[in-house]
Amino acid sequence: MSDREYWLWISSIDFIYFDKLKKLIEQFKSVKNIYCASKKDLMIKGGLSDKEIKVLDNSRKCFRTEQYLESLKKDNIQFVCIEDKDYPQRLFPYNHKPYYLFYKGRLPDDGMPIVAMVGARACSGYGRNMAKRLARELSDNHVQIISGMARGVDTYSGLGALEGAAPVFAVLGCGVDICYPTENIELYDNILKNGGIISEYSPGSPPASWHFPQRNRIISGLADKVVVIEAKEKSGSLITVEWALEQGKDVMAVPGRVGDSLSSGCNRLIKNGAGLVTSAEDIMEELKYVVFNKADKKGSIEKTLEKEFLLLYSELSLQPKNIYELIQATGLKYERLVEMLLQLQLRGLIEQPSYNCYSRLN
């Protein structure tokens with residue numbers, strides 16, 4: 001079996017979740033060694049119970065890679081593990097990164113900025129409107145939106161993002177083949193058409209209360225910024241904030257009325273140093289310093305750009321050029337060109353002095 005097949009095998013075992021798997025990997029050093037371990041070592045070194053060992057041992061005898069992949073394919077479910085080149089790069093720095101993910105649709109584009117939007121499930125009309133408006137405006141500016149698809153702020157940020165131009169994503173606390181909450185089935189289906197549904201839990205895994213705090217580390221890990229819209233002092237949304245701070249991510253919050261319990265968590269975050277959000281522009285302004293490394297010296301700019309971006313950058317000058325001139329000069333398709341121009345803007349390398357016209361910054 002290949003390394004990927006060993007990951008597929010262990011992902012099929014229901015009782016092995018992240019914390020247990022992490023301990024097993026620490027003891028046995030690789031998933032292959034777990035597969036080859038004796039029952040005695042699984043008990044003594046791995047700390048597994050007799051029942052767990054029996055389940056694991058039976059899976060070693062019965063697991064068939066092709067059958068398992070076929071069952072995933074039947075439900076349009078894809079699998080990615082840390083051995084794969086398409087594993088999300090944003091998750092790699094963290095020792096609590098998931099060893100594998102299941103997803104339907106697609107994974108976030110590592111080359112585009114990502115904002116996580118979280119907040120109260122029982123949000124107010126103000127919270128709903130802010131979540132939808134911010135997500136729509138960010139998406140229109142080619143920022144990917146990610147949430148947990150929970151009721152309230154998560155739902156409305158997803159709905160707003162779907163009205164924009166960028167892909168939309170949700171990380172679930174259950175299998176990707178299960179829509180939770182069930183009333184979000186339309187949102188679930190639309191996200192699949194425009195982005196992806198992601199989970200570290202195997203298909204068929206039901207939503208469990210302890211799944212959601214764990215999945216929040218994936219939401220914050222995939223994001224460049226975490227934006228909180230309405231949260232009580234002890235809101236579950238603040239678990240995502242805790243993960244974000246541990247990961248070194250910046251947190252921003254939408255302020256609310258003093259004395260409003262739904263905004264007390266956000267107001268406290270701002271008081272403690274979180275970024276203040278009154279518009280999508282506030283988030284966009286911060287993103288250009290977080291998502292990309294700006295070249296300080298003109299001579300090093302070319303070294304920081306990939307070949308495709310260098311082609312576009314070389315066609316730009318201090319004299320503004322129309323987007324259609326750039327299409328003709330570079331041969332790039334409109335959608336790709338717009339995406340690249342945005343990224344160069346976020347890097348602080350170019351500007352848009354007028355509609356559809358772009359030029360280098362001094």
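In what follows, the structure referred to is the one given above.
Please read all numbers here as calculations on a predicted model, not as lab measurements.

J.: What exactly am I supposed to notice about the overall build of the protein chain here?
T.: In terms of helices and strands, the protein chain carries 17 helices and 12 strands. By the compact-globule yardstick of 21 Å for 362 residues, the protein chain fits well, its C-alpha radius of gyration being 22 Å. Referenced to the eigenvectors of the C-alpha coordinate spread, the extents of the protein chain come out at roughly 70 × 55 × 35 Å. For the protein chain, buried positions account for 51% of its 362 residues. Summing over all exposed atoms, the protein chain offers an accessible surface of approximately 17300 Å²; the carbon and sulfur share of this is 49%. Measuring between centres, the 48 positive side-chain charges of the protein chain sit 4 Å from its 46 negative side-chain charges.

J.: Explain the sheet that holds strand 12 (residues 357-360) to me, please; I cannot follow it from the model alone.
T.: Here 3 strands make up an open sheet; going across it, the order is 10-12-11 and the pairing antiparallel. Every interior strand has two partners, whereas the edge strands, strand 10 (321-322) and strand 11 (350-354), have only one. Relative to strand 12, strand 11 runs antiparallel, the two sharing 3 bridges. Considered in strand 12, the bridge of Ile350 is made with Arg360.

J.: Would you take a moment to explain the side chain of Gln214 for this structure?
T.: Tracing the sequence through the fold places Gln214 in helix 10 (residues 211-222). Since its relative accessible area comes to 18%, Gln214 is described here as buried. Among residues more than four places away in sequence, those in contact with Gln214 are Phe18, Asp19, Glu200, Tyr201 and Trp243.

J.: What is the right way to look at unusual backbone geometry in this model?
T.: If a residue is not glycine, its phi is most likely negative; likewise, a peptide bond is most likely trans. That bond from Tyr180 to Pro181 is cis: its omega, 0°, falls within 30 degrees of zero. With respect to the element layout, Pro181 can be found in the loop between strand 5 (168-171) and helix 9 (185-194). Even without glycine at this site, His142 takes up a positive phi of about 65°. Tracing the backbone through its elements, the reader meets His142 in the loop between helix 7 (125-140) and strand 4 (144-147). A positive phi angle, near 60°, is found at Met149, a position not held by glycine.

J.: Which parts of the structure should I look at to understand the pattern of salt bridges?
T.: Any two side chains of opposite charge can pair if their charged atoms end up close together. Across all of its chains, the model carries 19 salt bridges by this definition. Note that Glu52 and Lys20 form a salt bridge whose closest N and O atoms lie 3.3 Å from each other. Separated by 32 residues along the polypeptide, Glu52 in helix 5 (residues 50-62) and Lys20 in helix 2 (residues 18-28) bring together distant segments of the chain. Ionic pairing is found between Asp224 and Arg90, a salt bridge with its closest N-O pair at 3.0 Å. With Asp224 in the loop between helix 10 and strand 7 (225-229) and Arg90 in the loop between strand 1 (78-81) and strand 2 (100-105), this residue pair connects regions lying 134 residues apart in the sequence. Across the pair, exposure class does not vary: Asp224 and Arg90 are buried alike.

J.: Can you walk me through the environment of Leu101 in this structure?
T.: Counting through the fold element by element, Leu101 comes out in strand 2. C-alpha of Leu101 to C-alpha of Asn322: the two residues are 221 residues apart in sequence and 42 Å apart in space. Filtering out sequence-adjacent residues up to four positions away, Leu101 remains in contact with Gln78, Phe79, Val80, Pro88, Leu91, Ile198, Ser199, Glu200 and Ile218.

J.: How should I be thinking about the sheet that holds strand 7 in this particular structure?
T.: Whether parallel or antiparallel, the strands of a sheet pair through hydrogen bonds between backbone atoms. Spatial strand order, 1-2-6-5-4-3-7-8-9: 9 strands in an open sheet with mixed pairing. The open sheet has two edge strands with one neighbour each: strand 1 and strand 9 (275-276). Sheet strands in contact with helix 9 are strand 2, strand 5 and strand 6 (195-199), and its direction is about 115° off that of strand 6.

J.: In this structure, what is going on with the side chain of Lys104? I would like to understand it.
T.: Among the structural elements, Lys104 can be located in strand 2. Although buried, Lys104 forms no salt bridge, and the nearest oppositely charged side chain, Asp75, lies 6.3 Å from it. Here Asp75 takes part through its backbone oxygen, which lies 3.3 Å from a polar atom of the side chain of Lys104. What Lys104 contacts, discounting residues up to four positions off in sequence, is Asp75, Asn76, Ile77, Val176, Tyr188, Leu192, Gly195, Gly196 and Ile197.

J.: Help me understand the packing of aromatic side chains in this model?
T.: What characterises a pair of aromatic rings is the spacing of the ring centres plus the angle enclosed by the ring planes. Under the defined criterion, the tally for this structure stands at 14 aromatic pairs. Ring centres of Tyr180 and Phe212 lie 5.8 Å apart, and the angle between their planes is 40°; on these two criteria the pair is classed as tilted. Here the residue Tyr180 occupies a position in the loop between strand 5 and helix 9, and Phe212 occupies one in helix 10, the gap between them amounting to 32 residues. Looking at Phe212, the relative accessible area reads 16%, which means it is buried. Aromatic ring contacts, followed pair by pair, group Trp7, Phe18, Phe79, Tyr99, Tyr100 and Phe102 into a single cluster. Looking at Arg217, its charged tip hangs above the ring of Phe18, at a distance of 4.3 Å from the centre.

The rules behind the values
Residues numbered from 1 in each chain as written. Predicted model: local features only at pLDDT ≥ 70, side-chain atom pairs only at ≥ 80, totals over all residues. Heavy atoms only, no water. Helix = DSSP H or I, 4+ residues; strand = E, 2+ residues; numbered from the N terminus. Rg over C-alpha atoms; globule rule 2.2 N^0.38 Å. Buried < 20%, exposed > 50% of the residue type's maximum accessible area, 1.4 Å probe, protein only. Areas by Shrake-Rupley, 256 points an atom, 1.4 Å probe, with all protein chains shown as cover. Lys, Arg positive; Asp, Glu negative; His and termini not counted. Charge placed at Lys NZ, Arg CZ, Asp CG, Glu CD. Pairing = 2+ DSSP bridges. Contact = heavy atoms within 4.5 Å. Salt bridge = Lys/Arg side-chain N within 4 Å of Asp/Glu carboxyl O. Axes fitted to C-alpha atoms, helices over the stretch in contact; angles between N-to-C directions. Polar contact = N/O pair within 3.5 Å; in protein donor to acceptor, adjacent residues only side chain to side chain. Phe/Tyr/Trp six-rings, centres within 6.5 Å; stacked < 30°, edge-to-face > 60°. Lys NZ or Arg CZ within 6 Å of the ring centre and 35° of its normal.

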